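# Geometric and topological summary
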Amino acid sequence: MNEVITAIRAVPLEHYVVLSLILFSIGMAGVLFRRNTIILLMCIELMFNSVNLLLTAFSAHHGDPGGQVFVFFIMLVAAAEVTVGLAILVMMKRNVDSIDINQINRLRG
Amino acid sequence: MQYLFYLFAAISVISALFVVAARSPVNSVIALIVCFLSIAGHYILLNAQFLAAVHIIVYTGAIMVLFLFVIMLLNLNKQVEPRKSVVTRIAAVAAGGLFLLTLLGAVKDGIGLARPDEYDMAVGLVASVGNSLFTTFLVPFEISSVLFLSAIIGAVTLGKRDKADVNPVAP
């Protein structure tokens, strides 16, 4: 049974941290970089997933299942968030006939 | 084994860059699916089998298909996206890079680990995660179903047309 932990710890935890940070930064730069709202939602998903990967890596390296349950909850919340976000996007396309994020800066009904 | 990690890491980073850089939204969705599949590979390398299955089912199977459906139904793929100004784009890349440098500086001294003899081998298997989910985290699990219900109602309310829009000439 000890080969499981040897296989997991063959990759240092720091490498997972660096990978997650790179993915999170790409997602954050993408949110600032693009104007298409659907790509912005995808970049938010990318940031969610980098955090999920980091929580799973810590959970697996420390032997604590709580982190993986937390990742499960993050997936639930992300699914709900995408549902509402895409509904808002459909409404935005219907009302202003555009999904450009710069069009939605007036804050009025 | 660790070569697989670096392979999956390279695939994740390159496809994530492609998500941001692609011109067409459909290409972005495909790149994001590749990125999610490589993250599922990371989960399997970490012995998190339950999360790998749930990740593929929920993200790749449900959420990305939802994105593709919205792109298809709204016909967003043909739309020419106006780009941000050069200054804004340079500032976006600089902000992302500086953010990465800040976080790397915060973790550069290393992270402590639990000793191998107190390690629980069953972590990440379905039995372990399920046991934890239905004992310690039972109340948040039940509350998340309420969250889902509110998300469903919110999506239906937002997506429904007003009656005045559907039939404007009716009295």
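Residues numbered from 1 in each chain as written. Chains lettered and ligands numbered in written order. Predicted model: local features only at pLDDT ≥ 70, side-chain atom pairs only at ≥ 80, totals over all residues.

### Comments concerning the interface of chain A and chain B
When the parts come together, some accessible area is lost, and that loss is often what is quoted as the size of the interface. Contacts between the two partners involve 65 residues from chain A, matched on the other side by 69 residues from chain B. Elements supplying a minimum of two residues to the side of chain A that touches chain B: α1 (2-8), α2 (13-33), α3 (37-62) and α4 (66-96) of chain A. The element that contributes the greatest number of residues to the side of chain A that touches chain B is α4 of chain A, accounting for 21 residues. Residue composition of the side of chain A that touches chain B, grouped by class: 46 nonpolar, 12 polar and 7 charged. (Contact = placed C-beta atoms within 7 Å. Helix = DSSP H or I, 4+ residues; strand = E, 2+ residues; numbered from the N terminus. Nonpolar A, V, L, I, M, F, W, Y, C, P; charged D, E, K, R; others polar.)

### Remarks on helix α1 (residues 2-21) of chain B
Residue and element names in this part refer to chain B. Along its 20 residues, α1 runs 29 Å from first to last C-alpha, staying within 8% of the 28 Å computed at 1.5 Å per residue. Every buried residue of α1 is accounted for by Phe-8, Ala-9, Ser-12, Ser-15, Ala-16, Val-19 and Val-20. Taken end-on, α1 shows its buried residues confined to a sector of 145 degrees, consistent with a single buried face. Exposed residues lying more than 90 degrees from the buried face of α1 are Tyr-3, Tyr-6, Leu-7 and Ala-10. (Expected span 1.5 Å × (residues − 1). Buried ≥ 20, exposed ≤ 12 C-beta atoms within 10 Å, placed from the backbone. Arc of directions from axis to C-beta.)

### Some words on the domain arrangement of chain B
With domains assigned, chain B is organised as domain 1 (1-80) and domain 2 (129-160). Distance from the C-alpha centre of domain 1 of chain B to the C-alpha centre of domain 2 of chain B: 24 Å. (Domains from an automatic or database assignment.)

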